[in-house]
Amino acid sequence: MNQNRQQPIKIGLLFESQADIMSLPNATEATHYHWRELEEVEAVAESLTALGHQVNKIGTLDALLKLNSNEKELPDFVWNLSVGVVSRNRTALAPAILEQLGIPYTGGDATVKSLTLNKDFLKPLLQWSGILTPSWHRYDSPEDIKFLPNWSFSILKPSCEGYSLGLQCFDTQEGLTKLQQIVGEMRELFSAPILCEEFIVGREITVGVVGNGLPVLLGGVETVNASGESLHSEILDLAAKRQGKYQKVGVDLSSGLTKLKQIVLQLIQLLKPLDYATFDFRISTSGQPYLLDINADATLHPQRSLAQVAYAAGLSYQELIEMIFNVSWERWQK
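So, here's what we can say about the structure. (Residues numbered from 1 in each chain as written. Predicted model: local features only at pLDDT ≥ 70, side-chain atom pairs only at ≥ 80, totals over all residues. Heavy atoms only, no water.)

Some points on helix H10 (residues 258-271)
Helix length check: H10, at 14 residues, gives a terminal C-alpha distance of 20 Å against a target of 20 Å (1.5 Å per residue), a fit within 8%. Listed in full, the buried residues belonging to H10 are Leu-260, Ile-263, Val-264, Leu-267, Ile-268 and Leu-271. For H10, the angular spread of buried residues about the axis comes to 130°, placing them on one side. Next to the buried residues of H10 lie helix H6 (110-117), helix H7 (119-128), strand E8 (202-212), strand E9 (214-224), strand E11 (276-284) and strand E12 (289-295). (Helix = DSSP H or I, 4+ residues; strand = E, 2+ residues; numbered from the N terminus. Expected span 1.5 Å × (residues − 1). Buried < 20%, exposed > 50% of the residue type's maximum accessible area, 1.4 Å probe, protein only. Arc of directions from axis to C-beta. Contact = heavy atoms within 4.5 Å.)

Rendered as structure tokens:
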């Protein structure tokens with residue numbers, strides 16, 4: 001794929017496994033589903049090894065810091081899959097520490113990782129940038145809720161979680177007391193502010209990108225149900241994701257979806273460096289796109305969105321990994 005392929009180097013993989021996360025006190029799948037699946041870690045490692053690099057699956061940040069006692073054991077470069085545990089800064093810890101150690105790494109820096117994880121910070125930035133995102137309220141506690149939202153259906157979610165952790169649907173007809181109850185329970189469970197976001201009925205499309213500034217890969221996939229139909233009023237919560245009830249199909253961003261491409265290009269300029277990311281949209285029944293989320297720690301599982309975008313572009317999984325590595329390595333050489 002690359003005529004000027006990078007000379008082999010020592011690459012360390014940072015990630016939290018299921019065992020790492022679930023061994024923590026009070027850890028449950030409902031609140032701590034942050035680990036990297038074994039298939040993802042192995043796929044990245046195998047691809048980098050096939051490209052000639054020496055790969056060390058380091059694991060957690062603690063394991064990396066133990067290597068720091070012997071400089072010769074440190075990698076030349078880190079493939080950062082670490083998303084931390086339960087803190088609003090959890091995705092920012094690895095890039096911050098790696099910068100302090102002077103080790104280059106893949107993915108966004110600490111600022112971008114923290115910003116995109118914390119939706120209550122991200123959404124004002126989107127609004128400032130003129131990018132449409134669903135209307136929302138932020139609740140620090142049930143006592144903050146003095147009135148019902150002025151839309152019919154809401155998505156309730158912790159402000160600094162991903163992968164649909166804690167996501168719930170709320171019907172305004174259930175009343176103020178019910179909303180306060182749900183928010184109180186979620187606040188206690190996740191120890192974080194809760195977002196109440198207007199639910200957008202329509203299609204759900206994920207745009208994947210590789211590159212900083214000008215993308216070298218940009219494409220989209222739509223989440224559809226088992227019948228191959230758009231989600232419309234269906235909700236992609238954690239249970240649905242785990243059960244595999246939905247599938248993703250490629251979409252042409254040049255055919256009626258050009259606004260999504262424009263938004264993504266605007267954001268990768270604003271947030272760079274990202275190296276790679278995915279952007280989740282809901283397209284209303286009137287055709288208006290709403291940006292739901294930016295996944296600066298997007299999964300690289302061979303069967304998930306970014307890999308499927310690559311396959312649709314005619315790339316193999318190994319070529320996707322090589323592309324991300326080249327994009328990241330290039331920016332660290334400047």
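Focus: the sheet that holds strand E2 (residues 54-59)
Taken together, the 3 strands give an open sheet; going across it, the order is E2-E1-E3, and neighbouring strands pair in parallel fashion. In this open sheet, the two edge strands, each paired with only one partner strand, are E2 and strand E3 (77-80). Across the sheet, the mean angle from the axis of one strand to that of its neighbour is 25°, orientation sign disregarded. Running over the sheet, helix H3 (residues 38-50) touches strand E1 (10-14), E2 and E3 and is turned about 155° from E2. (Pairing = 2+ DSSP bridges. Axes fitted to C-alpha atoms, helices over the stretch in contact; angles between N-to-C directions.)

Thoughts on helix H11 (residues 305-312)
The set of residues buried in H11 consists of Ser-305, Leu-306, Ala-307, Val-309 and Ala-310. For H11, the elements touching its buried residues are E8, E9, strand E10 (247-251), E11 and helix H12 (317-332). Following H11 by one or two positions, Gly-314 has its phi on the positive side, about 90°.

Here we look at the side chain of Thr-172
The topology assignment puts Thr-172 in the loop between strand E6 (168-171) and helix H8 (176-190). Residue Thr-172 is classed as buried on the basis of its relative accessible area, which comes to 15%.

Topic: the pattern of salt bridges
Where charged atoms of side chains with opposite charge meet at close range, the side chains can pair. Under the counting rule described, the total for this entry stands at 11 salt bridges. Note that Glu-37 and Arg-304 form a salt bridge whose closest N and O atoms lie 2.7 Å from each other. Of this pair, Glu-37 sits in the loop between helix H2 (29-32) and H3 while Arg-304 sits in the loop between E12 and H11, placing them 267 residues apart in sequence. The partly exposed category is assigned to Glu-37, whose relative accessible area is 23%. Relative accessible area serves as the criterion here: at 23%, Arg-304 is assigned to the partly exposed category. Between Lys-157 and Glu-197 there is a salt bridge, and its shortest N-O distance comes to 3.3 Å. Of this pair, Lys-157 sits in strand E5 (residues 153-158) while Glu-197 sits in strand E7 (residues 194-198), placing them 40 residues apart in sequence. Residue Glu-197 is classed as buried on the basis of its relative accessible area of 4%. One continuous salt-bridge network, built from bridges that share partners, spans Asp-120, Arg-138 and Asp-140. (Salt bridge = Lys/Arg side-chain N within 4 Å of Asp/Glu carboxyl O.)

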